[in-house]
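The primary structure of each chain is shown beneath.
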Amino acid sequence: MTSDDGSATPDADHGRGHESRLLRDLLESASTGDRAAFTRLYDLTSSRIYGLTFRVVRDREYAEEIVQEAYLQYWQKAGQYHAARGSVLTWMMTIAHRRAVDRVRSEQLQQDRMSDYGAASVETPRNIPLEVVVHADEARTLRTCLGELTDLQRSSIEMSYFGGLTYPEVAQQTETPLPTVKSRIRDGLRRLRQCLRTQEDT
């Protein structure tokens, strides 16, 4: 609550202070392995942690994944929190924000690496995004190199870069965990780039 002049009322300050103490007590209990306390901590904070991560990554699935990773870190690192460094909520949001920024940078780096090869034009059901790994005049070489990947790598890359699906959508389509899909596509793209370089040298 605020007063007529827009300043915080004593009741509002008291409410924030109570919440801060409650979160601190819950995190302290969680550091001893109290899962009920950690669940309560999650219920009180998850909407704000999600809101923060979504504002950074602008993607619902990625935001949900980052929130899960952040809470796993809160559980594992609960004993390392020090009140002198700020409130529990500030500590939690700092960790989540760092993870979200790292995810954005990682995705951008991957896109930058792939965009070095330009855009390809091959016969596919949908337009290939600009991040695809070869130039238009390398379509034949692309098909050859795709044939050297494992079936799982090839199908995942085709769904993502030729079919236009997001990584979470590929994971859903193939009923595969998202980290496995990302690793599969990353390894497949690495082999694809190596094959293309070899073809260029011949």
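I will try to describe carefully the structure that is included in this document. (Residues numbered from 1 in each chain as written. Predicted model: local features only at pLDDT ≥ 70, side-chain atom pairs only at ≥ 80, totals over all residues. Heavy atoms only, no water.)

Take the environment of Ser-31 next. Relative to the helices and strands, Ser-31 resides in the loop between α1 (10-30) and α2 (35-57). Using a relative accessible area of 37% as the deciding quantity, one classes Ser-31 as partly exposed. Sequence separation between Ser-31 and Tyr-74 is 43 residues; the distance between their C-alpha atoms is 9.0 Å. Non-local contacts of Ser-31, meaning those with residues more than four positions away in its chain, are made with Ala-78 and Gly-79. Engagement of the side chain of Ser-31 in a polar contact is seen with the backbone oxygen of Glu-28, the distance being 2.4 Å. (Helix = DSSP H or I, 4+ residues; strand = E, 2+ residues; numbered from the N terminus. Buried < 20%, exposed > 50% of the residue type's maximum accessible area, 1.4 Å probe, protein only. Contact = heavy atoms within 4.5 Å. Polar contact = N/O pair within 3.5 Å; in protein donor to acceptor, adjacent residues only side chain to side chain.)

Within the element layout of this structure, Leu-44 appears in helix α2. Overall, Leu-44 belongs to the partly exposed group, its relative accessible area being 22%. In sequence terms Leu-44 and Leu-22 are 22 residues apart; their C-alpha atoms lie 9.8 Å from each other. Ignoring anything within four residues of it in the chain, the contact list for Leu-44 reads Leu-22, Leu-23 and Leu-26.

Turning next to the nonpolar core. In this structure, Leu-41, Tyr-74 and Met-92 are the most contacted members of the largest nonpolar core, which totals 21 residues. Once you skip the residues sitting within four places of it in the chain, Met-92 turns out to touch Leu-41, Thr-45, Ile-49, Tyr-71 and Tyr-74. Membership of the second largest hydrophobic core comes to 19 residues, among which are Cys-145, Ile-157, Ala-171 and Leu-196. (Core = buried A, V, L, I, M, F, W, Y, C linked by side-chain atoms within 4.5 Å.)

Turning our attention to the packing of α2 against helix α3 (residues 60-77). One way to put it is that α2 packs onto α3 with a least axis distance of 9 Å and a crossing angle of 140 degrees. The angle between α2 and α3 falls in the class oblique. Once α2 is placed against α3, the crossing between them reads as right-handed. Residues Arg-35, Phe-38, Tyr-42, Thr-45, Ser-46, Ile-49, Tyr-50, Thr-53, Phe-54 and Val-57 of α2 form the contact with α3, whose own contacting residues are Arg-60, Tyr-62, Ala-63, Glu-64, Ile-66, Val-67, Tyr-71, Tyr-74 and Trp-75. For the contact of α2 with α3, the class distribution of residues is 13 nonpolar, 3 polar and 3 charged. (Axes fitted to C-alpha atoms, helices over the stretch in contact; angles between N-to-C directions. Parallel < 35°, antiparallel > 145°, perpendicular 65-115°, else oblique. Left-handed = near helix turned anticlockwise from the far one by under 90°. Nonpolar A, V, L, I, M, F, W, Y, C, P; charged D, E, K, R; others polar.)

For the structure shown, the criterion picks out 7 aromatic pairs. With a centroid separation of 4.9 Å and 80 degrees between ring planes, the pair formed by Tyr-71 and Tyr-74 is classed as edge-to-face. Of the two residues, Tyr-71 and Tyr-74 are both situated in helix α3; the distance of 3 residues between them amounts to about one turn of the helix. Ring geometry for Tyr-74 against Trp-91: centres 5.7 Å apart, planes inclined by 45 degrees, an arrangement best described as tilted. Taken together, the residues span a long stretch of sequence, with Tyr-74 in helix α3 and Trp-91 in helix α4 (residues 88-115) at a distance of 17 residues. Classification of Trp-91 by relative accessible area gives buried; the value is 18%. An aromatic cluster is present here, built from Phe-38, Tyr-42, Tyr-71, Tyr-74, Trp-75, Tyr-81 and Trp-91 joined pairwise through their rings. The ring of Tyr-62 carries Arg-103 above its face, with NZ or CZ at 5.2 Å from the centroid. (Phe/Tyr/Trp six-rings, centres within 6.5 Å; stacked < 30°, edge-to-face > 60°. Lys NZ or Arg CZ within 6 Å of the ring centre and 35° of its normal.)

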